[in-house]
Amino acid sequence: MVEEKNKQELKRVLGTWDLVAFAIMTMVPIAPMGIYGVIAVVSHGHVPLAYTLAAVAMYFTAWGYAQFALRYPEAGSVYAYVRESVGFHAGFLAGWSILLDYILVPALVIMVSALWLEALTSISMIWWALLFIVLATFMNVLGIQLTSRAAWILFVFELFVLIAFIIVAIYKITTTPGLSFTLSPFYNPNDFSLHAVLAGTSIAVLSFLGFDIMTTLAEETIEARKNVSRAVRIVIPLVALMFVLQTYLGAVVHPGYKFADPDVAFFEITKEVGGNWLQMLAVLGTVLAWGIGDTMAAQAGISRVLFSMGRQGHLPKIFARIHPQYKTPYVATIFVALITGPLIYLLTLKDITSLVNFGALTSFIAMHLSLGYIFLAKEKKPLAVIMPAIGFIVTAAVWWGLDKLAKELGFAWLILGFIYLAIITRGFRVKTTLPID
């Protein structure tokens, strides 16, 4: 009965480049524009270097995800991977950790967009937030194919904004006396500090979170083993090029890390580069990318994790219900929408950012450990352990740099999950594989 139910599948319509578009849209090609000033101040102006180091760290994690995608092509991301490789209880705790990331990401991207729109229009951020929540929920319930089409449209617009900035910035640098292409944004001996750069890297990692969205869509992907694995390997180098190039050009046009307001530093830079029209284009691109595109992709990802955990019995079975017509996990999608609003109201942007990083990095550490276990204990490939070992060390180093609040609240979340797991497994004596109606 349980086996039969677990064979339920979502509608397979996505290809490799659909997954890549989803992931890049979730990360947002112009994401550094929103947090450039914060990283610049913390890293003492070494933003491109911070993004380069973050890309290296995330590549090892992406490689690990690709290995798992070849072995376990199902919805659920790191939850499914750790569950299948190590066991149900470990899988639950990994899934519980990534839930902290996924549940908060929609609130994070909506809050950023809503705050910017409130500043531009004087309309309360709450109304903008509700608009973004309703739109994303509507699109995701109607089906992943519709969401994918919208993702492609927004993806193309984001690329247009990025390309426009790159072209105008290069023209500005080559035609303005006193400006020139230099390596100072990567290494300026007058301001360089390894501690500062690593602190900036821990923030820059936030821009890369979301690449794993594609693994949550495995059961809606054609030839999932091949396409998911390929997409994961493609996306990190591709998006890293976008991030490093735009931050480098921004740092050349505006050297140093002194801004009137670090929270909107890149918008100052876009005005310096191209004037009001480029600044407004950047604002529009960021709001659409974060508020609509990123919200849809993030909501789609978390709903698939809830669907997977509900199907396995780790969460109430109602989360595993699929819409009879659209073949989407509509209950999980609506649940995410209902909790996003209160989170935006109760938490600050700083709180959400810190907790997102804790949940993601903790789950990535669990993934690296699980992959090492597979290579050593199951597949007897000791040399293959080198990659997950490096990934573990790099990810753990970034995790160690998280602020105190993130660690305190994050550990509280993990303890809550441990207690919940003990209850539903009767003291860890049984697996939770409840049948689905």
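Please read these numbers as outputs of a predicted model, since none were measured by experiment. (Residues numbered from 1 in each chain as written. Predicted model: local features only at pLDDT ≥ 70, side-chain atom pairs only at ≥ 80, totals over all residues. Heavy atoms only, no water.)

Enquirer: Mind showing me how you'd approach the pattern of salt bridges here?
Expert: For the structure on display, the rule yields four salt bridges. Between E84 and R83 there is a salt bridge, and its shortest N-O distance comes to 2.7 Å. The class of R83 is buried, set by a relative accessible area of 3%. Taken together, the shared-partner salt bridges connect R71, E379 and K381 into one network. (Salt bridge = Lys/Arg side-chain N within 4 Å of Asp/Glu carboxyl O. Buried < 20%, exposed > 50% of the residue type's maximum accessible area, 1.4 Å probe, protein only.)

Enquirer: How do you make sense of unusual backbone geometry when you look at a structure like this?
Expert: For residues other than glycine, phi is negative in most cases, and the peptide bonds are mostly trans. Its identity is not glycine, yet H44 carries a phi of approximately 60°, on the positive side. Structurally, H44 is set in the loop between α3 (32-43) and α4 (47-71). Looking at H44, the relative accessible area reads 27%, which means it is partly exposed. (Helix = DSSP H or I, 4+ residues; strand = E, 2+ residues; numbered from the N terminus.)

Enquirer: Which parts of the structure should I look at to understand the layout of surface pockets?
Expert: With a probe scaled to a water molecule rolled over the atoms, the places where space remains empty come into view. Considered as a void within the structure, the second largest pocket measures approximately 250 Å³ in volume. Lining the second largest pocket are L53, V56, A57, L198, A199, T201, S202, V394, A397, V398, W400 and G401. Breaking the lining of the second largest pocket down by element, the ones donating at least two residues are α4, α9 (194-208) and α15 (386-400). Looking at the lining of the second largest pocket residue by residue, the classes come out as nine nonpolar, three polar and no charged. (1 Å grid on protein atoms, 1.4 Å probe; cavity = no way out; pocket = protein on both sides within 12 Å on 5 of 7 lines; lining within 4 Å. Points joined across faces, edges and corners; volume = space filled by probe spheres on them. Nonpolar A, V, L, I, M, F, W, Y, C, P; charged D, E, K, R; others polar.)

Enquirer: Which parts of the structure should I look at to understand empty space enclosed by the protein?
Expert: In this structure the tally under the stated criterion is one cavity of 30 Å³ or more. Along its surface, the largest cavity is lined by 20 residues, and T26, V105, L206, L209 and D294 are the ones closest to its centre. If you tally residues by element for the lining of the largest cavity, the top one is helix α6 (residues 88-121), at five residues. Of the residues contributing to the lining of the largest cavity, the split by class is 14 nonpolar, three polar and three charged.

Enquirer: So what exactly am I meant to see when it comes to the environment of A90 here?
Expert: Among the structural elements, A90 can be located in helix α6. Judged by its relative accessible area of 30%, A90 is partly exposed.

Enquirer: Teacher, can you tell me more about the environment of V394 here?
Expert: When you line up the elements, V394 lands in helix α15. Among the residues examined, V394 registers a relative accessible area of 25% and is labelled partly exposed.

Enquirer: For this particular structure, what's the right way to read the nonpolar core?
Expert: Among soluble globular proteins, nonpolar side chains are generally buried collectively. With 141 residues, the main nonpolar core has Y36, Y51, F165, F208 and F211 as its most contacted residues. Of all the elements, α6 adds the most residues to this core, at 19 residues. Ignoring sequence-local partners within four residues, the contact set of Y51 consists of P32, I35, I39, A204, S207, F208, F243, V244 and T247. (Core = buried A, V, L, I, M, F, W, Y, C linked by side-chain atoms within 4.5 Å. Contact = heavy atoms within 4.5 Å.)

Enquirer: Would you mind going over the confidence of the model for the protein chain with me for this structure?
Expert: Segments scoring low in pLDDT should not have their predicted coordinates read at a detailed level. Looking at the protein chain as a whole, the pLDDT averages 82, with 91% of positions reaching at least 70. Counting contacts from residues 433-437, a segment whose pLDDT is below 50, to residues more than four positions away or on other chains yields 16 contacts. (pLDDT = per-residue confidence, 0-100.)

Enquirer: Got a minute to help me understand the packing of aromatic side chains in this structure?
Expert: A ring pair, where both rings are aromatic, is described by two values, the distance of the centres and the angle of the planes. Under the counting rule described, the total for this entry stands at 22 aromatic pairs. Taking 5.8 Å as the distance between ring centres and 75° as the angle between the ring planes, the aromatic pair formed by Y65 and Y81 counts as edge-to-face. Of this pair, Y65 sits in helix α4 while Y81 is found in helix α5 (residues 78-85), placing the two residues 16 residues apart along the sequence. A relative accessible area of 0% places Y65 in the buried class. Since its relative accessible area comes to 1%, Y81 is described here as buried. Aromatic side chains F165 and F266 sit 5.1 Å apart centroid to centroid with 55° between the ring planes, which places their arrangement in the tilted category. Of the two residues, F165 is situated in helix α8 (residues 144-175) and F266 in helix α11 (residues 265-274); the sequence distance between them amounts to 101 residues. Residue classification places F266 among the buried residues on the basis of a relative accessible area of 0%. A network of ring pairs unites the aromatic residues Y36, F165, F259 and F266 as a single cluster. Taking the ring centre of W400 as reference, the NZ or CZ of K407 above it sits at 4.5 Å. (Phe/Tyr/Trp six-rings, centres within 6.5 Å; stacked < 30°, edge-to-face > 60°. Lys NZ or Arg CZ within 6 Å of the ring centre and 35° of its normal.)

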